[in-house]
Amino acid sequence: YIQQPDLKYLRALGAAYYRISSRHVDVYKTLEPLYADYRKLRFRDLTGKMSIIHMDEFIDWLFTEKTVCDVTMPGLPKREILEATLDLPPRESILEDDLADLDDLEPP
């Protein structure tokens, strides 16, 4: 369901379930690409107030918050620790290519 691009709420629900039930290395490998999903979601907080958030913001909550949607998330080691133990490759930013292009354009 996480790879389903058409149904954004099913994707958010699948991401939350995957965060709860999967191993930490698999969580990083599967959920980090969802940072590129900027679709809007309607979100109701615990007080009942409705607000608009984006999918990438929800995914960030899954990585950083202890409680999401009134569900306590299991512990997740930081990405730097998993990179140091060689469980995960270093994160590659899509902006690095743009920065390299800008360096090439600057006069000497």
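Procedures and definitions
- Residues numbered from 1 in each chain as written.
- Predicted model: local features only at pLDDT ≥ 70, side-chain atom pairs only at ≥ 80, totals over all residues.
- Heavy atoms only, no water.
- Phe/Tyr/Trp six-rings, centres within 6.5 Å; stacked < 30°, edge-to-face > 60°.
- Helix = DSSP H or I, 4+ residues; strand = E, 2+ residues; numbered from the N terminus.
- Buried < 20%, exposed > 50% of the residue type's maximum accessible area, 1.4 Å probe, protein only.

Enquirer: Just give me the short version of the packing of aromatic side chains, but keep the residues and values in it.
Expert: One pass over the structure, following the stated rule, counts three aromatic pairs. Ring centres of tyrosine 28 and phenylalanine 63 lie 5.1 Å apart, and the angle between their planes is 15°; on these two criteria the pair is classed as stacked. Separated by 35 residues along the polypeptide, tyrosine 28 in helix α2 (residues 24-31) and phenylalanine 63 in helix α3 (residues 55-64) bring together distant segments of the chain. Residue tyrosine 28 is classed as buried on the basis of its relative accessible area of 7%. Using a relative accessible area of 14% as the deciding quantity, one classes phenylalanine 63 as buried. A ring pair is formed by phenylalanine 43 and tryptophan 61, whose centres lie 5.1 Å apart and whose planes are at 65°; its orientation type is edge-to-face. On the criterion of sequence distance, the pair formed by phenylalanine 43 in strand β1 (residues 40-44) and tryptophan 61 in helix α3 is long-range, its members being 18 residues apart. A relative accessible area of 17% places phenylalanine 43 in the buried class. The exposure class of tryptophan 61 is partly exposed, given its relative accessible area of 21%. Chaining the aromatic ring pairs together yields one cluster made of Tyr28, Tyr35 and Phe63.

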